[in-house]
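Letter by letter, the chains look like this.
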Amino acid sequence: SEGINFNLIELETAQNVDSALTIAATAGMPAQNLMVGDSHGNIAWTIMGPMPIKSDEVAQLPTLWEESKWHGFYKAKDYPAVKSTSHLWTGNSRVIGGEMYQKVGHGGYALGARSQQIRDNLTKQESFNELDLYAIQHDDRAIFLSRWQALLNEQVLNSEFVSQNDMQALKEATHNWGARASIDSSGYLIVKEFRKAVFNAILSPFEQHVKSHNKELSFKTVKRQLEAPVWMLITEKPDNWLPKKYESWQALLQSAAISVNAKLIEEYGSIKSATWGNANTTKIQHPISRAVPLLGWFLDMPNEPVNGDTFMPKVQGRAFGASQRMVVSPGNEASGILNMPTSQSGNPLSPFYEMGHEDWVKGNPSPFLPTETRYTLTLKAN
């Protein structure tokens, strides 16, 4: 009963935040973030779904239920929760710490960069209208990568190094990167690839060592949290942590820049053509075309370059992103905004198929409420 039930439906009749939190704790569903507010101005965050009580002997790694020491489930009163009357935010990163965090454990949190940018946007003014909040969802400023751009531009790409390796185009694009995940920015793609190359250069020896003991283990989830230690290494440059194949930390960074330059030229033909839009082009497929690729021309959405990336409010990749963008408040639905990729229809024969998809791609604030009636369906009894 804890794992599967219909208690979530009771949220429709919850009278306030406290009752909603109690209902959320009894909902039989996979654990999810819940953000909820009431008419009294109270807002809250919690985890909804069953939460098992772990013993002190339970490791941080995933363990089969029958092989672990569990002590039932937490009651609603013991669930982690954050209440407020001003601001709350979550970008799939950690919301809590201390004792509450120990109850939840580590499930592969996103790095806090996106949440920090959302927080700063929410706290910079007292009130917001729908367009203000919609703009936050489309914030594609590359704040997280700014220090990586400065490192590459100012410390790695010095005049002598650039001249010796014929990297003038890469230097110019990095300098004029625009500080956004924009489709016309080559510099953004360069900085992103540079960070990735540095991570790989530093972490590959560790990953190889781990896989020599167990090939099934992966650094994929762990890498999300390694920004701080990797940055500490490349700024403090301790000799005992330098991978053996490099003479110095500067040599490691320059090797990463050389590899990025070669990779982008090979893949895109030139640095000028290596724009973020060419790298971040949507590939949204209908479930049927995945099984029958020949139907892709009829079923799939157009492949289009899109702004945004992982570490910013406008999270957007080739095959992942916001399943909808919505801003609406009760009683003000006429001012509401709703964007959905692919449209609300899954039927390619429907005149509504793909309707609204372009607004989602371009960031146009399409209306939440229906517009002028064009079709009417009338049901008649026999």
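In short, a report on the structure.

What counts and how
- Residues numbered from 1 in each chain as written.
- Predicted model: local features only at pLDDT ≥ 70, side-chain atom pairs only at ≥ 80, totals over all residues.
- Heavy atoms only, no water.
- Salt bridge = Lys/Arg side-chain N within 4 Å of Asp/Glu carboxyl O.
- Helix = DSSP H or I, 4+ residues; strand = E, 2+ residues; numbered from the N terminus.
- Buried < 20%, exposed > 50% of the residue type's maximum accessible area, 1.4 Å probe, protein only.
- Contact = heavy atoms within 4.5 Å.
- Axes fitted to C-alpha atoms, helices over the stretch in contact; angles between N-to-C directions.
- Parallel < 35°, antiparallel > 145°, perpendicular 65-115°, else oblique.
- Left-handed = near helix turned anticlockwise from the far one by under 90°.
- Nonpolar A, V, L, I, M, F, W, Y, C, P; charged D, E, K, R; others polar.
- Phe/Tyr/Trp six-rings, centres within 6.5 Å; stacked < 30°, edge-to-face > 60°.

Observations regarding the pattern of salt bridges
If you walk through the whole model with that rule in mind, you get ten salt bridges. Here Asp-120 makes a salt bridge to Arg-119, at a shortest N to O gap of 2.9 Å. Glu-193 is paired through a salt bridge with Lys-196; the nearest N and O atoms lie 3.5 Å apart. Here the residue Glu-193 and the residue Lys-196 both occupy positions in helix α8 (residues 186-213), the gap between them amounting to three residues, near one helical turn. Look at Glu-193 and you get buried, because its relative accessible area is 11%. For Lys-196, a relative accessible area of 38% gives the class partly exposed. Linked by salt bridges that have partners in common, Arg-147, Arg-195 and Glu-227 make up one network.

Some thoughts on the environment of Pro-341
Relative to the helices and strands, Pro-341 is located in the loop between β7 (337-339) and α14 (357-362). The spatial distance from the C-alpha of Pro-341 to the C-alpha of His-357 is 4.8 Å, given a sequence separation of 16 residues. If sequence neighbours within four positions are ignored, Pro-341 has contacts with Ala-322, Ser-323, Gln-324, His-357 and Trp-360.

What about unusual backbone geometry?
Backbone geometry at Asn-92 places phi at a positive 65°, although glycine is not the residue there. Topologically, Asn-92 is positioned in the loop between β5 (81-84) and α2 (98-104). Of note, Lys-237 is a non-glycine position whose phi angle comes to about 55°, a positive value. Its place among the elements puts Lys-237 in the loop between α9 (227-236) and α10 (249-268). Residue Lys-237 is classed as partly exposed on the basis of its relative accessible area of 30%.

Describing the packing of helix α5 (residues 146-156) against α10
Axis separation between α5 and α10 bottoms out at 11 Å; the angle between their running directions is 110°. Judged on the interaxial angle alone, α10 and α5 are roughly perpendicular. Side by side, α5 and α10 meet where Leu-151, Leu-152, Gln-155 and Val-156 of the first sit next to Gln-250, Leu-253, Gln-254 and Ala-257 of the second.

Here we look at the packing of α5 against helix α7 (residues 168-175)
Where α5 contacts α7, the axes come no closer than 10 Å and their chain directions differ by 140°. Here α5 lies oblique to α7, going by the angle between them. As α5 runs across α7, the sense of the crossing is left-handed. Residues Gln-149, Leu-152 and Asn-153 of α5 lie in contact with α7, whose contacting residues are Lys-171, Thr-174 and His-175. Residues of the contact of α5 with α7, tallied by class, amount to one nonpolar, four polar and one charged.

Topic: the packing of aromatic side chains
Enumeration over the complete set of coordinates arrives at ten aromatic pairs. Between Trp-148 and Trp-231, the ring centres sit 5.1 Å apart and the planes meet at 65°, which makes this aromatic pair edge-to-face. Here Trp-148 is found in helix α5, whereas its partner Trp-231 is found in helix α9, with 83 residues between them in sequence. Per residue, the accessibility class of Trp-148 equals that of Trp-231, and both read buried. Residues Trp-177 and Tyr-188 carry aromatic rings whose centres are separated by 6.4 Å and whose planes lie at 5° to one another, so their mutual orientation is stacked. Taken together, the residues span a long stretch of sequence, with Trp-177 in the loop between α7 and α8 and Tyr-188 in helix α8 at a distance of eleven residues. Each member of the pair, Trp-177 as well as Tyr-188, is classed as buried.

None of the figures reported here should be taken as evidence of function without further support.
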